[in-house]
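Observations on the model geometry
Residues per chain are reported as follows:
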Amino acid sequence: MFRVYLRWQVIALLFLGFSAGLPFLLVFSTLNARLADVGVETATIGFFSWLGITYSIKVFWAPVVDRLKIPLLDRLLGKRRSWMLLAQAGIATGLYLMANVDAVSATEMLALCGLLVAFSSATQDVAIDAYRIEIADERLQAAMAATYIFGYRLALLVAGAGALYLAEFWSWQVAYEIMALLVGIGVVTVLCVREPAVNHFAAANDIADRVEKEALKRSHLNPRLARLIGWFSAAVAGPFMDFFRRYQHYALMILITVAVYRISDIAMGVMANPFYLDFMGFSKTEVANVTKVFGFFMTIAGSMLGGVLVVKYGVRRILLLGAALTAATNLLFVLLAQYPPSTVTLAVVVSADNLSGGVANVALIAWLSSMTSASFTATQYALFSSLMTLPGKFIGGFSGMVVAGFGYAEFFLVAGLMGVPAILLCIYLIRHGRQLDALAPLNHSERNGEETAAGTA
């Protein structure tokens, strides 16, 4: 049973997960800690969280990553690996530039370098999602998801606690330069793994052919222009047409649920490190020990618990549980702000927050994965993952202003209350569960070639 974790595809996703997770905190909470540490104003720190919006709008260029071949690199590596390598080059370059930019005197330049990292990282996420789906049979997907999440969380530990340790004992410049070097782990992985044998574009190609024929039939368009129109329609419109056709009048409600599910969690996270460092007065080492190292294991424990609960009780019920726990644990920070600093109290609150986050995250990933169609998996998953972070990232940009105007306790209270819509929408999904199950895709069952052989071995 556990021999599945010895498959090369499963092992590869461990390292690709590390590559995907490494840049995230370096343009989010770790960057916020750096800005707070060097004396950047709280309101400015809040606006820096808008860098994360790049992850939330990756759906706009996901069709390009899904279907466009990069000249030269495509011949050498193939479509998926070439996009991953190009994205990794952008991440490493951006992190090196961030290491050598003064955060106080050149704040705008630091933001631009962070934007390069965020854009490249979001592009890498799209490419890795597509690679994961295409490299192996459905039977290996769960094992690959498990190792991917572990690698991702390990990278968050390195980019979170690791960067804080390096900054404490050396400098922020050294911390970001070492993070840039660690991008090499993903580069080596991409160069060592093989390209998927089959890309599942059958449905998209059918749409492109139909649009091209209609364009030629009803107008005097140049055949190349008609072909371009067909390609664009299939790449951009196809995934959305498929989703709305399947889920009909439930589609909009599903998208709204995806959009609001993580608002409470993301909005709170923007001000977490400034709260620990500035308001509570903890050192960077204490924050790293409790929120990054200890919090890492609590998140893994929550993820494991969430996986068991999803199997036992179904994904929608645990989706509701995760939403309720996330809102409730955010309210614990209101209490934390009322008492003198204590690492024990901090550890208790962080444990509850990370455990609930692990449960909610597993349930959300399982739910989103169940709704993607095999013909448009990469783009549809990019749509879902973009929607689930965009509102929170946008609202989080104003978090510094709320803290400056009212205080941390009031901010955490508002963040907790923002989780109420997600709870109500999850109840709606549970009540309409049978209808939604009837509309769900048959999903990635049609595999052939090498992937099928690997999955049945």
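Residues numbered from 1 in each chain as written. Predicted model: local features only at pLDDT ≥ 70, side-chain atom pairs only at ≥ 80, totals over all residues. Heavy atoms only, no water.

1. Quick look at the overall build of the protein chain
Across its full length, the protein chain carries 26 helices and zero strands. Counting only residues that meet the buried cut, the protein chain has 56% of its 457 residues in that class. (Helix = DSSP H or I, 4+ residues; strand = E, 2+ residues; numbered from the N terminus. Buried < 20%, exposed > 50% of the residue type's maximum accessible area, 1.4 Å probe, protein only.)

2. A short note on the confidence of the model for the protein chain
When pLDDT drops low, the exact placement of atoms in the prediction is not to be read closely. Looking at the protein chain as a whole, its pLDDT mean stands at 80, while 83% of the residues score no less than 70. Considering each helix and strand of the protein chain separately, the mean pLDDT is smallest for helix H26 (residues 449-456), with a value of 35, and largest for helix H11 (residues 184-192), with 95. Every residue in residues 443-457 is under pLDDT 50, and counting partners more than four places away or in other chains gives 38 contacts. (pLDDT = per-residue confidence, 0-100. Contact = heavy atoms within 4.5 Å.)

3. Structural notes on the pattern of salt bridges
The final tally for this structure, using the stated rule, is three salt bridges. As a salt-bridge pair, aspartate 125 and lysine 58 come within 4.0 Å of each other at their nearest N and O atoms. Here lysine 58 lies in the loop between helix H4 (53-56) and helix H5 (62-67) and aspartate 125 lies in helix H8 (residues 107-135), a separation of 67 residues in the sequence. Overall, aspartate 125 belongs to the buried group, its relative accessible area being 6%. When its relative accessible area of 6% is taken as the criterion, lysine 58 is described as buried. For arginine 262, the salt bridge goes to aspartate 265, with nearest N and O atoms at 3.2 Å. The class for aspartate 265 is partly exposed, based on a relative accessible area of 23%. (Salt bridge = Lys/Arg side-chain N within 4 Å of Asp/Glu carboxyl O.)

4. Things to note about the packing of aromatic side chains
Summed over the entire model, instances satisfying the criterion amount to 14 aromatic pairs. When the ring of phenylalanine 24 is compared with that of tyrosine 55, the centres are 5.3 Å apart and the planes differ by 75 degrees; the resulting orientation is edge-to-face. Highlighted residues: phenylalanine 24 in helix H1 (residues 8-26) and tyrosine 55 in helix H4, separated in sequence by 31 residues. The pair formed by phenylalanine 24 and tyrosine 55 is uniform in burial state, with each residue classed as buried. Judged by centre distance (5.3 Å) and plane angle (40 degrees), the rings of phenylalanine 333 and phenylalanine 412 are tilted. Linking phenylalanine 333 in helix H18 (residues 315-336) with phenylalanine 412 in helix H23 (residues 408-417), this pair joins segments that are 79 residues apart in sequence. Given the relative accessible area of 0%, phenylalanine 333 is considered buried. Among the aromatic residues, ring-to-ring pairing joins Phe275, Tyr276, Phe333, Tyr408, Phe411 and Phe412 into one connected group. Above the ring of tyrosine 176, the side-chain terminus of arginine 34 is found at 5.0 Å from the ring centroid. (Phe/Tyr/Trp six-rings, centres within 6.5 Å; stacked < 30°, edge-to-face > 60°. Lys NZ or Arg CZ within 6 Å of the ring centre and 35° of its normal.)

5. What about the nonpolar core?
Counting residues in each nonpolar core, the largest one holds 95 residues, and the members touching the most others are Leu95, Met98, Phe275 and Tyr276. Among the elements that take part in this core, helix H9 (residues 138-169) stands out by supplying twelve residues, more than any other. Among residues more than four places away in sequence, those in contact with leucine 95 are Leu26, Val117, Tyr176, Met179, Ala180 and Val183. Residues Phe243, Leu255, Ile263 and Val359 belong to the second largest nonpolar core, which totals 34 residues. (Core = buried A, V, L, I, M, F, W, Y, C linked by side-chain atoms within 4.5 Å.)

6. Points about a nonpolar patch on the surface
A surface patch of nonpolar side chains, amounting to about 530 Å² of accessible area, comprises Phe47, Trp50, Phe394, Ile395, Phe398 and Met401. Note that methionine 401 resides in helix H22 (residues 399-406). Of the residues examined, methionine 401 reaches a relative accessible area of 45% and is grouped as partly exposed. (Patch = residues over 30% accessible without salt bridge, like charges linked within 9 Å, V, L, I, M, F, W, Y side chains within 5 Å. Areas by Shrake-Rupley, 256 points an atom, 1.4 Å probe, with all protein chains shown as cover.)

7. Examining unusual backbone geometry
Working note: non-glycine residues mostly have negative phi, and peptide bonds are mostly trans. Positive phi outside glycine occurs at leucine 72, with the angle close to 70 degrees. Along the chain, leucine 72 turns up in the loop between H5 and helix H6 (73-77). With a phi close to 50 degrees, glutamine 248 is a non-glycine residue in the positive phi region. Note on placement: glutamine 248 falls in the loop between helix H13 (223-247) and helix H14 (251-260).

8. Quick notes on the environment of alanine 180
Tracing the backbone shows alanine 180 in helix H10 (residues 172-182). Given the relative accessible area of 12%, alanine 180 is considered buried. For alanine 180 and glutamine 88, which are 92 residues apart along the polypeptide, the C-alpha to C-alpha distance reads 9.8 Å. For alanine 180, the contacting residues outside a window of four places in its chain are Ala92, Leu95 and Tyr96.

9. Some thoughts on the packing of helix H15 (residues 263-270) against H23
Where H15 contacts H23, the two axes come as close as 8 Å, and the packing angle between them is 160 degrees. Looking at the two axes, H15 sits roughly antiparallel to H23. Listed contacts from H23 to Ser264, Ala267 and Met268 of H15 are Phe411, Phe412, Ala415 and Gly416. Taken together, the residues that form the contact of H15 with H23 break down as five nonpolar, two polar and no charged. (Axes fitted to C-alpha atoms, helices over the stretch in contact; angles between N-to-C directions. Parallel < 35°, antiparallel > 145°, perpendicular 65-115°, else oblique. Nonpolar A, V, L, I, M, F, W, Y, C, P; charged D, E, K, R; others polar.)

10. Quick notes on the side chain of asparagine 330
Tracing the sequence through the fold places asparagine 330 in helix H18. If near-sequence neighbours (up to four positions away) are discounted, asparagine 330 is found in contact with Ser264, Asp265, Met268, Asp353, Phe412, Ala415 and Gly416.

11. Focus: the environment of arginine 132
Considering the arrangement of structural elements, one finds arginine 132 in helix H8. With a relative accessible area of 13%, arginine 132 lands in the buried category. In the structure, arginine 132 is positioned 120 residues away from alanine 12 in sequence and 9.5 Å away in space, judged by C-alpha atoms.

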